[in-house]
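Examination of the molecular architecture
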Amino acid sequence: MIPESTVLNGIYGEDAEKAKVRYEHLEEMYKKTFGDDRVSYFSAPGRTEIIGNHTDHNGGKILAGSITMDTIAAAAKRDDGIIRVVSEGYRPIELKAADFASVPTCKGTLSLIAGMLEACSKWGYSFGGFNAYVTTEVISSAGVSSSASFEMLLCAILNAFFNDGKIDVADYARIGQYAENHYWEKASGLMDQMACAVGGTILLDFADGVKYEKVKFSFDELGKSLIIVNTGKAGHADLSAEYSSIPEEMRLVAKAFGKTNLCEVDEDEFYKKLPEIREQIGNDRAILRAMHYFNECHRVESAEKAIKKGKPEKVLKLMKASGRSSWELLQNCFVPTMPQTQPICVALALTERFIREHDIDGICRIHGGGFAGVIAVVLPKDYAEDYAAYMAPYVGAESVHVMGIRQTGAVKVGD
């Protein structure tokens, strides 16, 4: 049986009826694929980065949140140690759990699952066989972490079936990160996974491992909608060198101070020695990116104070400043070697025009890794549909997604 209405209401709120239809479809497809098992249901959201663009990899701070788009699964435990995962629209995945070490790297979802099992093995968590049928609303290649959502969903399944709920959400995140680092060879941090695992809005501090605190903030309470606009043009796989250049250049500055990451560098010392450091490394973009890092961490601290003092509206001003800093200092709104292709900048300029012409309190900023892909827009709820219609001719109606903050992270929904 699909989860009870009270359970769905607790997770999905006003969208519970829509969610019920999705779970009914999930139940039907599981039965068609695997047979009439007694199944459990699981859900894991995507994520949004509110403030803290490209700070995690240098031990910085981030304000992030789960979103009201999620990945869901119907799953049942198997006794033969075989894992079978069918993600709707993709090829089925099958592997013997005990043979994870024989799975080659960089083979998509198969490698990802094997990497997660290896992480469980290294850290003393149990695992075994299961069937899972998976569907998702989390848009791929759009900066809302469809891969992390999937990883945290699998962690919830492994936790429920084999570990009696004893895996902490921080270890959920580490398991997902390990798989991406070692089996996808992708140098991902922990922000994506943490925001998908915990739920709600969280403060993250990566200076010493990962520390997190859940805080009370949502766009709904401000009468605002969060809108993600996928500008398209280039996928994440084409931009790995651009993404890597950001942590590398930040660490270049840290290295000039004899440190590994910028979190170890005293900001006042950075500015005091700026002339000689600039000459030493010969890279002004690295200097600007370091400035962005320090300013961005301060913005997260300011947002924390505003939230805890009951002044959440200040977060929007800080979010706007964060976006401007990404554009001007971090410089991840377009690829420098492709100046003729700037979909992010065009989308930001169009959005600023919409805000200006309607004389409304709204903001827009780069979202996620940058260089191409996605922007985040925060507008009064009454203007969300008008904005979607306004942007449709430029990016396509299917590329504008209205959402909010979801309070529930990666969970077992019911049996």
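Look above for the structure.
My aim in this report is to walk through the structure given alongside it, one point at a time.

1. Looking at the nonpolar core
Counting residues in each nonpolar core, the largest one holds 56 residues, and the members touching the most others are Val85, Ile113, Phe130, Ile157, Met194 and Leu204. When residues in this core are grouped by element, the largest group, 11 residues, is from helix α4 (residues 146-162). Phe130 has contacts with Ala76, Lys77, Arg78, Ile82, Ile83, Arg84, Val85, Leu154, Ile157, Leu158, Phe161 and Phe162, leaving out every residue within four places of it along the chain. Core analysis: the next-biggest nonpolar cluster, separate from the first, contains 27 residues, Ile50, Ile51, Ile67 and Leu318 among them.

2. Details of the side chain of Asn332
Here Asn332 is to be found in the loop between α11 (313-330) and α12 (343-358). Only 3.1 Å separates the side chain of Asn332 from the side chain of Asn53, close enough to count as a polar contact. Setting aside residues up to four positions removed in sequence, Asn332 forms contacts with Asn53, His54, Ile246, Ser326, Ile366, Gly368, Gly369, Gly370 and Phe371.

3. Here we look at the packing of aromatic side chains
Aromatic ring pairs are defined here through the distance separating the ring centres and the angle between the ring planes. The final tally for this structure, using the stated rule, is 16 aromatic pairs. Ring geometry for Tyr12 and Tyr23: centres 6.1 Å apart, planes at 70°, overall edge-to-face. With Tyr12 in helix α1 (residues 5-12) and Tyr23 in helix α2 (residues 16-34), the pair connects residues that are 11 residues apart, well separated along the chain. As far as the burial class goes, Tyr12 and Tyr23 line up, both buried. Ring centres 5.2 Å apart and planes at 45° place the aromatic pair Phe354 and Tyr390 in the tilted group. With a gap of 36 residues between them, Phe354 in helix α12 and Tyr390 in helix α13 (residues 384-395) connect regions that are remote in the sequence. Residue Phe354 is classed as buried on the basis of its relative accessible area, which comes to 2%.

Calculation criteria
- Residues numbered from 1 in each chain as written.
- Predicted model: local features only at pLDDT ≥ 70, side-chain atom pairs only at ≥ 80, totals over all residues.
- Heavy atoms only, no water.
- Core = buried A, V, L, I, M, F, W, Y, C linked by side-chain atoms within 4.5 Å.
- Buried < 20%, exposed > 50% of the residue type's maximum accessible area, 1.4 Å probe, protein only.
- Helix = DSSP H or I, 4+ residues; strand = E, 2+ residues; numbered from the N terminus.
- Contact = heavy atoms within 4.5 Å.
- Polar contact = N/O pair within 3.5 Å; in protein donor to acceptor, adjacent residues only side chain to side chain.
- Phe/Tyr/Trp six-rings, centres within 6.5 Å; stacked < 30°, edge-to-face > 60°.

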